Structure formats: C-alpha cells, structure tokens
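One-letter residues, chain by chain:
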Amino acid sequence: MLAAIMFFGFMTIGMPLPVLPVYVHETLGFGSFVVGVTIGIQSVVTLLLRSYAGRTVDTRGPRNAVLTGLCGCAAAGVLYLVASMVPNPSLALGVLLAGRVVLGFGESLLLTGGMSWGIGLLGATHASKAISWQGVSMYTALAVGAPFGAYLLQAAGFTVVSLVNIGLPAVAFAIALRLPAAAPVGGTRLSFFKVVGLVWRPGLAMTLGSIGYAVIAAFITLFYASHGWSGAAFALTLYSGTFIAMRILLSHAVDRFGGRRVAMCSLVFSAIGQFLLWGAVNPHMALAGAALTGMGFSLVFPALGVEALRSVPPQNRGAALAAYSAFFDLALGLIGPMAGLVANFFGYASIFLCGAVGGIVAIVMIARLPHAGLGAAPVDSSASSGH
C-alpha cells in the first residue's frame, strides 16, 4: 500500500516533466532559461523545506508528513489549472511558478515521510530495501507519468493535465488513511545543521552524481526537438525502466558489496550514458545514453543513503533522510537554471557533457572517502550511532 501511495503521489511530479517545458516554451513563449527555472524551482523549495520535513517526520510521525505532502501535491494541480485559464502569459507563468513552489512543499514531506514510514514499518535493518522500493515507486511513476502527461497534453490540453494532477494525490490520500502509522522514535534529537554535518560527504557525492538525472528531466524534450527527433517521452520512460530494473535485480547489492563500491560502479555507467547523449547523432544513440544513465543512477541514492543513515541516532532518522535528500534537491534546483544558461551558449548537447563530468568527479570523491564511513558493515538498529 505504501508503494501505491508513493506511486500516485509522485505521478504528480512525473507527469509535468515533458509537459511544462513544452507549455512554457511553446504556449507561453518563454526561453530555455525560464524553462529551467520552472522545472528547478520546485527542487529549490524542497531543499529549503528539508529541515521542516525532517522535524515533522521525527516529531509528528511519517504518516502525518505524507498526508500533508499529498495535500500540497493536489494544491499544485489546482494552481496549474488556474494558470491554464489565465490569458496573460506573464501572469500565467507566475501562477505556474506558484504551483511549482507548492509542489516543492508537497514533495519534501512526501519523500522524507515515505522513506521514514517504510523504514518504520519494515525495521531499520531493512532501510536499504525501504529506500530502494520507494525509488521503484517514484520512477515507475515517472516512467508512466511522462508519456501519459505528454499524451494528455497533445490529446486534451494542459487543463486536463492539471485536473489529473489534482485527482491522483486524492487517490493516494485515501489509501494512506488505511495504512498503519509508524510512531516517532523517542530520544534527544540533534539539530538539523549537526545532522547535515554528519551526512554531507555522501550527500555531496549524490549532488554531483545527480546532474545527469537533472539535465535529462529538464531538457531531454528540448534536446530531441533541437535535432528534429520524436520520442523524447520514451527516452524518459526508458531511463526510468532501466532504473527500476536495476533496483529490482540488484536489490541486495548494497548489503553484499557495500555502498561505497556500489555507488562508484553505478556512476561509471551513468557517466558513459551522459557521454553517449552528448555525442548522439541519432535518436537510437540518445536512447542508449538515457538507458545507461538510468541503469547507473539507480543504486546511487540507496547506496549512499544507507551509509548516511548510519551516521546518526535513530531518533534523527527523518532529519538524516531530509538532509541527505537535500543534496539531491540542490542538484535539481541549481542544475536546471545553470544547464539552461549552458544550453543557450553551447547547445543542448553540452549539458550532458556537464552530467558526465559531474559523475566522474563524484566517483573520485567517493574513492577518497574513508572506508570506515561508506561501505562499512551494517550497524544494529539498537546502537546509538543509528543505522
């Protein structure tokens, strides 16, 4: 049931990915930088609210956080609907950006609450499975939502896309009411900034490794259009499909080989995928690049995330997940506008070169991390040092 909640909730994040760039660029008439801001502002807000999300999860429980987050996702759909009815492009863009801000609020609570809820229900010793399977739900939503959103935009228009984005969180909310809560863990809690100080190394590696995902999410549609190719939504679907397949087939890889090794090997594939996209001369080459990027990025988040959790006591689990996830938000929030500027000067292909370089730097950084941190043996959930 938790997987279904995450699926319907994150459909509201996956569906707009191929829709908003086209709507902002072609319907409202704004350039690639504004497209990047429209996509990226959601993650900036999510980043700024990570401390609030972690505190909410640790003090009020993950179920409460998820329910509140779903309300935010539905409210974003309402603002999309209002934007579709506003005739002035600048005003419509303002309302649309407000919707992205509200969605950032919803995503922050939904993501942190969902991971913590899964760990609370399965137990701390299964943290990697909880994180991994939430990712499967998220990227299944992306795989289904991207082409579904593109289809709805073409067949019925942006208004219908907005209405669906209102209805999906309502379905998830109804399911969440039937799932048992996971009580907060008692004990003295560290400040959020102290938690950030404990998890920043795997978090920064995650930021660098996430550049490839960020540029695919924001610009794959316009990259295909710049070449006159069709099938951009399928590229997102293929990326998500390989992502999900790797999570299912190698769900025990982190436990068996350690987070450090898994993250480094995964980022090699991601970088190769980005290089293929950079040099793509036909859509088949681009599809191969998207597939390899998804395959490579799949296990990076849980591999580094489980190691980040080990640095904090159990009562700070929500704060640790929020702080670690904030580095992912940082990548999405900053890379969108920055990649838009790079694309303006050097073309859309150049942003994938940036993704490849980011992955390589992340590999070097992980290789230099102390072995006692990343890749260490699991710690019992009853230990004061956490997971």
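Our structure is the block above this text.
Overview of the structure.

Calculation criteria
Residues numbered from 1 in each chain as written. Predicted model: local features only at pLDDT ≥ 70, side-chain atom pairs only at ≥ 80, totals over all residues. Heavy atoms only, no water. Helix = DSSP H or I, 4+ residues; strand = E, 2+ residues; numbered from the N terminus. Expected span 1.5 Å × (residues − 1). Buried < 20%, exposed > 50% of the residue type's maximum accessible area, 1.4 Å probe, protein only. Arc of directions from axis to C-beta. Patch = residues over 30% accessible without salt bridge, like charges linked within 9 Å, V, L, I, M, F, W, Y side chains within 5 Å. Areas by Shrake-Rupley, 256 points an atom, 1.4 Å probe, with all protein chains shown as cover. Salt bridge = Lys/Arg side-chain N within 4 Å of Asp/Glu carboxyl O. Axes fitted to C-alpha atoms, helices over the stretch in contact; angles between N-to-C directions. Parallel < 35°, antiparallel > 145°, perpendicular 65-115°, else oblique. Left-handed = near helix turned anticlockwise from the far one by under 90°. Nonpolar A, V, L, I, M, F, W, Y, C, P; charged D, E, K, R; others polar. Phe/Tyr/Trp six-rings, centres within 6.5 Å; stacked < 30°, edge-to-face > 60°.

**What about helix α8 (residues 158–176)?**
End to end, α8 covers 28 Å across 19 residues, agreeing with the expected 27 Å (1.5 Å per residue, within 8%). Of all the residues in α8, the buried ones are F158, V161, S162, N165, L168, P169, A172, I175 and A176. All buried residues of α8 lie within an arc of 150° about the axis, which places them on one face of the element.

**So, a nonpolar patch on the surface**
On the surface, W133, I248, L249 and L250 cluster together into a nonpolar patch covering about 420 Å² of accessible area. Take L249: it is sitting in helix α11 (residues 232–249). Judged by its relative accessible area of 67%, L249 falls in the exposed class.

**Brief notes about the packing of helix α5 (residues 62–85) against helix α6 (residues 89–122)**
Look at α5 against α6: their axes get within 7 Å of each other, and the N-to-C directions meet at 160°. Between α5 and α6, the angle is such that the two are roughly antiparallel. Crossing geometry of α5 relative to α6 is assigned as left-handed. Grouping the constituent residues of the contact of α5 with α6 by class yields 21 nonpolar, eight polar and two charged.

**Topic: the packing of aromatic side chains**
Here a ring pair, both rings aromatic, is described through the centre-centre distance and the interplanar angle of the planes. For the structure shown, the criterion picks out 16 aromatic pairs. A ring pair is formed by F243 and F297, whose centres lie 6.4 Å apart and whose planes are at 40°; its orientation type is tilted. Within this pair, whereas F243 is found in helix α11, its partner F297 is found in helix α14 (residues 283–297), the two being separated by 54 residues in sequence. With relative accessibility at 3%, the residue F297 sits in the buried group. Among the aromatic side chains, those forming a connected cluster through ring pairs are Y213, Y239, F243 and F297.

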